[in-house]
Amino acid sequence: MRKRRDSKDLLIISCSQRKKKIKGRVAAWDLYDGVIFRMLKKIEREKGLPKDLDILILSAKYGFVMPSEFIEYYDYRLKKKDIEQKKDFFLSGLMQKIENSNISTVFICLGKDYLAGIDSFKKFFPDKTRFIVANGGIGSKMSQIRNWITNQIVK
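Before going into details, it helps to say that this report is about the structure given with it. (Residues numbered from 1 in each chain as written. Predicted model: local features only at pLDDT ≥ 70, side-chain atom pairs only at ≥ 80, totals over all residues. Heavy atoms only, no water.)

For helix α2 (residues 35-46), with twelve residues, the first-to-last C-alpha span of 16 Å sits near the 16 Å given by 1.5 Å per residue. The complete set of buried residues in α2 reads I36, F37, M39, L40, K41 and I43. Phi turns positive, to about 85°, at G48, one or two residues after α2. (Helix = DSSP H or I, 4+ residues; strand = E, 2+ residues; numbered from the N terminus. Expected span 1.5 Å × (residues − 1). Buried < 20%, exposed > 50% of the residue type's maximum accessible area, 1.4 Å probe, protein only.)

Let's shift gears to the pairing of strand β7 (residues 130-133). Bridge count between strand β6 (residues 103-109) and β7: four bridges; the pairing is parallel. For F107, the partnering residue across the bridge sits in β7 and is I132. Remark: the β6/helix α4 (residues 112-117)/β7 crossover connection has right-handed handedness. (Pairing = 2+ DSSP bridges. Right-handed = clockwise from strand over helix to strand, strands pointing away.)

What follows is about the nonpolar core. Ranked by internal contacts, the top residues of the largest apolar core, which has 47 residues, are L11, I12, I13, Y32, L40, I57 and I145. Mapped onto this core, the elements with two or more residues apiece are β1 (8-14), α1 (28-31), α2, β3 (53-59), β4 (63-65), α3 (83-98), β6 and α5 (138-154). With near-sequence residues (within four places) excluded, I12 lies in contact with L56, F64, L94, V106, F107, I108, C109 and L110. (Core = buried A, V, L, I, M, F, W, Y, C linked by side-chain atoms within 4.5 Å. Contact = heavy atoms within 4.5 Å.)

Next up on the list: the state of the cysteines. Under the criterion given, the structure shown has zero disulfides. Lacking any disulfide linkage, C109 is separated from the closest cysteine sulfur, that of C15, by 12 Å. (Disulfide = S-S within 2.5 Å.)

Once that is clear, we can look at unusual backbone geometry. Even without glycine at this site, N100 takes up a positive phi of about 65°. Of note, N100 is situated in the loop between α3 and β6.

Quick look at the packing of aromatic side chains now. Counted by the stated rule, this structure contains nine aromatic pairs. Centroid distance F121 to F131: 5.6 Å. Interplanar angle 80°. Geometry classified as edge-to-face. Separated by ten residues along the polypeptide, F121 in the loop between α4 and β7 and F131 in strand β7 bring together distant segments of the chain. In textbook terms, an aromatic cluster arises when at least three aromatic residues are bridged by ring pairs, as seen for W29, Y32, F37, Y62 and Y74. The ring of Y74 is capped by K19, whose NZ or CZ atom sits 4.5 Å from the centre of that ring. (Phe/Tyr/Trp six-rings, centres within 6.5 Å; stacked < 30°, edge-to-face > 60°. Lys NZ or Arg CZ within 6 Å of the ring centre and 35° of its normal.)

Another aspect to go through is the layout of surface pockets. Counted as a void, the largest pocket has a volume near 560 Å³. Around the largest pocket sit 25 residues that line it, and S14, C15, S16, Q17 and R77 are the ones nearest its centre. Of all the elements in the fold, those that place two or more residues in the lining of the largest pocket are β1, α2, α4 and α5. Tallied by class, residues from the lining of the largest pocket come to eleven nonpolar, seven polar and seven charged. (1 Å grid on protein atoms, 1.4 Å probe; cavity = no way out; pocket = protein on both sides within 12 Å on 5 of 7 lines; lining within 4 Å. Points joined across faces, edges and corners; volume = space filled by probe spheres on them. Nonpolar A, V, L, I, M, F, W, Y, C, P; charged D, E, K, R; others polar.)

Take a look at the structure:
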């Protein structure tokens, strides 16, 4: 499927339990330090991330945040019992973040609890939007993201 010139791709990833212990507000990108974030930062350093790629991070505490948004360190993990009550919070945040965006492909890399928290997310995107959901363990998901981004860089 060929992407329209003015469209963007969107990568949705979850926050990471591993965070840098920074006091005060810091960009989400600088706070999170899990393996997916480390891989993405390495790609950014070595090759650069695609210019037509937006990233949204799903945080159990803050909902959807962009990498450049300033947040504070926290230690909170989404629990299964909290998923239902967080759904509206997560989905309204997603809707706000993608409003007026022309997104052609959404690549989702979330754990099952986070994915359950946004289970009806597709309704916010145009019908022609393509969705890719990473599956398997963390190593497999990282490989899928790396391959997808590498293919975006090559285009």
